[in-house]
Amino acid sequence: VRSSQIVMAAPAHRGSDCCELVRTANWDVTAVDSTLIDHEIAAWLPDRIFDVHAHLWCNEHWGGPAAYRDHEAIPPALFKTCPFDGGRAGWTAFSETIAGRRGQFGLHAGRPTSAVFIPIPDAGMNVEAANAWVLEQVGQDPSGRSRALMLVTPRTTAEEIAQSVSMGVIGLKCYHCFAEPEVHHKSTFDAPIAAYLPEHLVAAADRHGLTITLHMVRQRALSDPENQKTIRDYCLRYPRMKLILAHLARGFNMHHTINGLDALRGLDNVYFDTAAVTESGAIEAVLRDPDFGPSRVLYGSDFPITHIRGRCVGLGDSFLWIAPSNCDLTAKYAPGGVIQTALVGVEALRALKLACDNVGLDRDDVQKIMCGNGERLFGIPPDDTDTALGRQQSPRDSASAAYYTAYVVLVGIAVGAFLRSRPR
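These numbers were taken from a predicted model, which means no experiment stands behind them.

Analysis parameters
Residues numbered from 1 in each chain as written. Predicted model: local features only at pLDDT ≥ 70, side-chain atom pairs only at ≥ 80, totals over all residues. Heavy atoms only, no water. Helix = DSSP H or I, 4+ residues; strand = E, 2+ residues; numbered from the N terminus. Polar contact = N/O pair within 3.5 Å; in protein donor to acceptor, adjacent residues only side chain to side chain. Buried < 20%, exposed > 50% of the residue type's maximum accessible area, 1.4 Å probe, protein only. Pairing = 2+ DSSP bridges. Expected span 1.5 Å × (residues − 1). Contact = heavy atoms within 4.5 Å.

K.L.:
Can you lay out the environment of arginine 218 for me, pointing to particular residues and giving the numbers?
P.N.:
Inspection of the secondary structure assignment puts arginine 218 in the loop between strand E6 (211-214) and helix H8 (225-237). Between the C-alpha atom of arginine 218 and that of phenylalanine 189, which follows or precedes it by 29 residues, the distance is 5.5 Å.

Rendered as structure tokens:
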């Protein structure tokens, strides 16, 4: 790694854990990506997928007088250069990129995919407009199974949440970039949870039975005593609120999650999503834990972070996103002398599969993680989603349908013959 290009912390009011990397567009799909999907992932995926952590955005929502704080903000390159409808990445962009409805490649290898959609959390965002647009896009899913989270800030009121719930919102999404300057020091990465998820938001979620997706920060994430105390307090005092700890409780350094799990004992309303976690250790720890296990793990892609090229690795007591934009990837042993990285979305699926394999999960458990757990948590009833989403039938599906049709015809013939033979 070139020391002059190490990922630096974001400004105090903006940024994500991979903030520098979103400045580089990575929308091209390479042979490395498609080969890994075909050889390692495709056969492992269930017939359909429910993604609990995906983002939609419209570039015109950045900056301007209605922005939350940074009125001069512009979209980072990953969003600004997206190859969709003039910078509007909505349902169609997601389904074609993730499910793979256009062309051969899709991160989910053609599996029908619905999702819980979230606006991009950015202090330079017009939050109200972003929330309204994402809610509108949810209605574009022909299966009717996608849902929307409301992006909330410390300024969001209980009345605004109630209104959003009446319009179909099923959960809240908070983020550290909205923490007010007086409650953090040099960076919002040091912000305590209550600084960007104040109690009145948790109380509102409890009142309406909503989920809250929490991407915690601070140096040691789930191993941080203040984070642990706040999570326990909120979950015990507000049991109808369901707390989703995004990124395996920010398990980008697996040890932070592994060593922090004991602090969550006895909490029945805590779940974990797998979004953008590219090492298997934290996933495996939660899957093995008797208090959590496969029923508390939810698949999330973190689209469009799926289309950053590289992966995140734990280093020391922190972590680093490794990508061509911040690392020297030359290596004599690599073909062509340069390591060809895969998309984060591909690396995250590989890590999830490895964890499931190491724990010895069966197909039913994998289906729950990739689909069933999320649908159950968000109250989405079972349905024939394959038909609703227009999935092409496999040969086995076609054969089953043919057998069923033949069975119905034969039964009809037999019943007709019986009726004709009866004395009149």
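K.L.:
Summarise the environment of arginine 69; cite the residues concerned and give the values.
P.N.:
Among the secondary structure elements, arginine 69 is positioned in the loop between strand E1 (49-58) and helix H2 (77-80). Only 3.2 Å separates the side chain of arginine 69 from the backbone oxygen of cysteine 177, close enough to count as a polar contact.

K.L.:
For the pairing of strand E4 (residues 147-151), give the residues involved together with the corresponding values.
P.N.:
With 5 of 5 residues buried, E4 lies mostly within the body of the structure. Because side chains alternate across E4, one face comprises the buried residues Arg147, Leu149 and Leu151, and the other comprises Ala148 and Met150, equally buried. In terms of strand pairing, strand E3 (residues 113-119) meets E4 through 2 bridges, oriented parallel. Within E4, the position partnered with phenylalanine 117 by the bridge is alanine 148. Direction of pairing for E4 relative to strand E5 (residues 171-173): parallel, over a ladder of 3 bridges. Considered in E5, the bridge of methionine 150 is made with leucine 172.

K.L.:
Break down helix H12 (residues 344-359) for me, citing the residues and quoting the values.
P.N.:
Counting along an α-helix, one turn takes 3.6 residues, and residues three or four places apart therefore face a common direction. Look at H12: 23 Å from first C-alpha to last across 16 residues, which is about the 22 Å you get at 1.5 Å a residue. Val344, Gly345, Val346, Glu347, Ala348, Leu349, Ala351, Leu352, Ala355 and Cys356 are the residues of H12 that are buried. In the core, the buried residues of H12 are packed alongside helix H1 (31-41), helix H11 (281-288), strand E10 (311-315), strand E11 (318-322) and helix H13 (363-377). Once H12 ends, the next one or two residues include glycine 360, with phi positive near 85 degrees.

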